[in-house]
Amino acid sequence: MASAPLLLEHFIYKKRNFVYAFVRHRLFTLCKQSLIRVQSAEGIKRIEISPKSNLKQLYDSVQNVLKVDGFALFMERNFATELHASGTQLVGTTLKHGDMIYLKQIAGTSSRRTSTTAIDKLSFNSAIKSSTEKLNNSSRPSLEVIEDEVDQQLFKSSGTIKRERDSKLCHHNANGRCVHCSPLEPYNESYLKEHNIKHLSFHSYIRKQTSGMDHGKYFVFDDINCRIKPGCREHPPWPKGICSKCQPSAITLNRQTYRHVDNVMFENTKIVERFLNYWRTTGHQRMGFLYGTYEQHTDVPLGIRAKVAAIYEPPQESSRDSINICPDEGADEVDAVAKALGLKKIGWIFTDLITEDASAGTVKQIRGIETHFLTAQECISAGELQNRHPNPCKYATNGTFGSKFVTICVTGDQTKQVHMEGYAVSAQCMALVRDNCLIPTKDAPELGYVRESTDKQYVPDVFYKEKDQYGNEVQRLARPLPVEYLLVDVPASTPLQPQFTFTEYDKRQPFPIENRYIDGHLQDFNALSNYLSAWAEEDFLEAISDFHLLIYLYKMDMLPLRQHMGPLFEAVRAKNPNQAAEFKGEEVWKLLESLVQASSTGSGGTANYPSGATSSAGAAGADAMDMDANTWTCNHCTFINRGELTSCEICSLPR
């Protein structure tokens, strides 16, 4: 008899037993509680709720049990019938004990979904009033981002590729259209392949993504995030805890199919020749920033071309094998001059040249398909510069996506001649550089390396795909990482007919370029005096139309011209000689001319005008040293050495 209760208990509470199910059902009925099953991406959860509770309380219970935010509940698996979070509708009238409902995450919201018509209208109106919150919280494209002028022009353009009527295939009249002569879309693959266009233009890529039935209603450029999302309260901060909500997703690197800039065009060859003169003089490498404009590129459907008008060289320390960029205190002033002239910073350029035969003018081929195109360090530098100059885009969640900033490398080609190669790094590379996840390798310049997670920083896994020896596509961890997965080619060229935004130097000596501390390249008052003396009165506009000269005048401390140069910038920008003549007649320019004349006549046109706090005694001492036959001036650093020395005391270069 003692075993009878045990047998009864085993019979009633045994799993998968109909008696157990019946007893449990009666128990919930007597307690006036309903069991509702909720299926989500994390599995099935059970919610116990009274049938007399309303649906709003059901939403609260689901939120407390599942710890989710931004969701909606549906009756069917295909999310057809939604349960609205109503305060009047009861659970018992809609759901029965044991029913299953389905949870769906609603992207782009920060609070749970209440889908009544009144609340939808209220939230829509409040979003219009608070445009800033809409930009931060909504995943839809924002129309309030001010894009570049060229982007606005391309957005209004149809972009279709027109085709002429084919006399053999077209059997209609001149006003008709058929499949053989109707316009093509700008992303047509056969057209791009026929014209050897490797990448889609950025606007063609947008047209392709928005060409479906919804016309890109939900198309956005999401920002790639490689950092832990802050503010998670489910666990202690990293490295003591991490969860799937705050953990960044793993990244698989793909070759970018589009590019923001489709061509880089230097207005004339003299721009690059003046830049290369430093390497020809010293043998050291050089770096500079490209200033110009963006315009439509007709050779590529909906393409953009970067047009370079000048190269500014920041302070730097260079050698035969390296370049170290120094802090530039006058960078804002250069940007101000460029903005006044209608220009902007559009890229950077650097040399990687080693002379092979000086008499033949050949250089060594260092870069190519067998070695590398850009080193990992150069990719990181390009990613950093592109992050500093983002591209405004109304299809981006944060208002910017990618960058139009280009990279130009001057190196040797297969024929041992100097040529230019253009590149840009992908949006994935920009994200890795921004979040400090990518570093160069020590011995292999063509390989990068993704950091490993430490106590201070969590780094997500980064993968790339390649084909193994059997032709199978395999996925590998990006430690190390070939930088070819991060690059996008951008052709660089010069036009057949040279263009000149600034002065076209034919026989006259141009004004020296800034930050070149070698003999004959220094920017000082003596160089200004010699330069202006070589031009006639009627050639004032042509003489003053030099980017480096305008920067020198803008930054000159001896005679403050900055606040008076607005009309001069406008005259150079519009190429208006009358407006330039008016500026030449102003009192501040006459004062500069008198100083130039006094400097030229005071010492036969050879003495330097004191632009700093140099004393007359110091200048006289320097002149005396120059006149001394027992001294010589270094051609590289301009230091005056003793006559018995065979190498410079400062730079150690030979005499």
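What counts and how
The residue count restarts for each chain, going from 1 along the sequence in the order it is written. Residue-level local features of this predicted model are given only where pLDDT is at least 70; pairs of side-chain atoms are given and counted only at 80 or more, and the full residue set underlies all totals for whole chains, interfaces and linings. Only hydrogens and water are removed before side-chain values are computed, so all heavy atoms of the structure are retained for them. UniProt positions are given in the numbering used here, feature names are shortened, and annotations may be inferred rather than shown by experiment. Only runs of H or I of at least four residues qualify as helices and only runs of E of at least two qualify as strands under DSSP, and these elements are numbered from the N terminus. The contact criterion used throughout is that any non-hydrogen atoms of two residues lie within 4.5 Å. Surface exposure here means Shrake-Rupley accessible area, sampled with a 1.4 Å probe, where a residue is shielded only by the protein chains that are shown. Only buried Ala, Val, Leu, Ile, Met, Phe, Trp, Tyr and Cys residues count toward a nonpolar core, and they belong to the same one when joined by side-chain atoms within 4.5 Å. Residue burial is assigned from relative accessible area. The probe radius is 1.4 Å, only protein chains are included, and a residue is buried under 20% of its type maximum, exposed over 50%, and partly exposed in between. These domain boundaries are the output of an automatic or database domain assignment. Here an angle of 0 to 180 degrees is reported between the N-to-C directions of two axes, which are lines fitted to C-alpha atoms, with helices fitted over the stretch in contact. Our angle categories are set so that under 35 degrees counts as roughly parallel, over 145 as roughly antiparallel, 65 to 115 as roughly perpendicular, and the remainder as oblique. Picture the helix axis, draw a direction to every C-beta atom, and the arc is the one those directions span. Each pair of strands is called paired provided DSSP finds at least two bridges between the two strands. Working definition: a ring pair exists when centres of Phe, Tyr or Trp rings (six-membered ring for Trp) sit within 6.5 Å. Plane angles under 30 degrees give stacked, over 60 give edge-to-face, the rest tilted. In our convention, an over-ring charge means Lys NZ or Arg CZ found within 6 Å of a ring centre and within 35 degrees of that ring's normal. For this analysis, a salt bridge means a side-chain nitrogen from Lys or Arg found within 4 Å of a carboxyl oxygen belonging to Asp or Glu.

Per an unreviewed UniProt entry, the recorded name for the protein is Nuclear protein localization protein 4 homolog, and the organism is Drosophila hydei. On record in UniProt, under Sequence similarities (unreviewed entry), the comment for the protein is "Belongs to the NPL4 family." The UniProt entry for the protein carries the following text under Pathway (unreviewed entry): "Protein degradation; proteasomal ubiquitin-dependent pathway."

Visitor: Lay out the overall build of the protein in plain terms, naming residues and giving numbers.
Guide: In terms of helices and strands, the protein carries 20 helices and 27 strands. Taking contacts inside the protein between residues at least 6 apart in sequence as the whole, the part at least 24 apart equals 64%. In the form shown here, the protein has an accessible surface area of approximately 37300 Å², with 51% of it arising from carbon and sulfur atoms.

Visitor: Can you lay out the nonpolar core for me, pointing to particular residues and giving the numbers?
Guide: One finds I544, F547, L553 and L592 to be the most contacted residues of the largest nonpolar core, which totals 77 residues. For this core, the element with the highest residue contribution is helix 16 (residues 547-555), accounting for 7 residues. Split by domain, the residues of this core number at least three in each of domain 3 (251-493) and domain 4 (525-601). Filtering out sequence-adjacent residues up to four positions away, I544 remains in contact with L549, L550, L553, L568, V572 and W589. Listed in part, the 26 residues of the second largest apolar core include V261, V264, L290 and I304.

Visitor: Would you mind going over the packing of helix 12 (residues 376-388) against helix 13 (residues 427-434) in detail, with residue names and values included?
Guide: Between helix 12 and helix 13, whose axes approach to 9 Å, the crossing angle comes to 90°. Of the possible angle classes, the one that applies to helix 12 and helix 13 is roughly perpendicular. Residues C379, I380, G383, E384, Q386 and N387 of helix 12 lie in contact with helix 13, whose contacting residues are C429, M430, V433 and R434.

Visitor: Could you give an account of helix 17 (residues 566-574), naming the residues involved and the relevant values?
Guide: The set of residues buried in helix 17 consists of L568, F569, A571 and V572. Along the axis of helix 17, the buried positions cluster into a sector of 160°, meaning they face one direction only.

Visitor: Tell me about the sheet that holds strand 7 (residues 251-253), and name the residues and values.
Guide: If you trace the 3 strands from one edge of the open sheet to the other, you get 7-21-22, paired in mixed fashion. Sheet topology places strand 7 and strand 22 (473-477) at the edges, where each strand pairs with a single neighbour. Strand after strand, the sheet turns through a mean of 35° between neighbouring axes, direction not considered. Against the sheet, helix 13 makes contact with strand 7 and strand 21 (462-467), and its axis sits at roughly 130° relative to strand 7, the strand it touches most.

Visitor: Pulling in residues and values, what's your account of the sheet that holds strand 2 (residues 43-49)?
Guide: Strand order across the open sheet formed by 5 strands is 2-1-5-3-4, with mixed pairing between neighbours. What marks the edges here is a single partner per strand, and that holds for strand 2 and strand 4 (82-83). Note: strand 3 (residues 71-74) against strand 5 (residues 100-105), 4 bridges, orientation antiparallel. In the sheet register, F74 faces strand 5, and the bridge partner there is Y102. The strands that helix 3 (residues 55-66) touches are strand 1 (34-40), strand 2, strand 3, strand 4 and strand 5; relative to strand 2, the one it contacts most, it runs at about 130°.

Visitor: Tell me what's going on with the packing of aromatic side chains, and back it up with residues and numbers.
Guide: Summed over all chains, the structure comprises 23 aromatic pairs. Ring centres 4.3 Å apart and planes at 20° place the aromatic pair F221 and F401 in the stacked group. Linking F221 in the loop between helix 9 (202-209) and strand 7 with F401 in the loop between helix 12 and strand 17 (406-412), this pair joins segments that are 180 residues apart in sequence. Assigned by exposure class, F221 and F401 land together as buried. On the basis of an interplanar angle of 50° and a centroid distance of 6.4 Å, the ring pair of F373 and Y423 is categorised as tilted. Here F373, found in the loop between strand 16 (362-363) and helix 12, pairs with Y423, found in strand 18 (residues 418-425); they are 50 residues apart in sequence, far enough to count as distant. Among the aromatic residues, those joined into a ring-pair cluster are F202, Y205, F219, F221, Y258, Y395 and F401. The ring of Y278 is capped by R286, whose NZ or CZ atom sits 4.2 Å from the centre of that ring. The residue whose ring lies beneath K404 is Y294, and the NZ or CZ to ring-centre distance is 5.8 Å.

Visitor: An account of the pattern of salt bridges is requested, with residue identities and associated values reported.
Guide: Tallied over the full model, the rule gives 23 salt bridges. Here D148 makes a salt bridge to K344, at a shortest N to O gap of 3.7 Å. Of this pair, D148 sits in the loop between helix 6 (131-137) and helix 7 (149-156) while K344 sits in strand 14 (residues 344-351); the two residues are 196 residues apart in sequence, bridging distant segments of the chain. You can call D148 buried: its relative accessible area is 16%. Given the relative accessible area of 37%, K344 is considered partly exposed.

Visitor: For the environment of R305, give the residues involved together with the corresponding values.
Guide: For R305, the position within the fold is in strand 11 (residues 303-312). Separated by 12 residues in the primary sequence, R305 and T293 have C-alpha atoms spaced 8.4 Å apart.

Visitor: So what about helix 7? Which residues, and what values?
Guide: V150, D151 and L154 are the residues of helix 7 that are buried. Buried residues along helix 7 cover an arc of 100° about the axis, so they all sit on one side. Counted as exposed and oriented over 90 degrees from the buried face of helix 7: E149 and K156. Its buried side turned inward, helix 7 meets helix 9, strand 10 (287-297) and strand 11.

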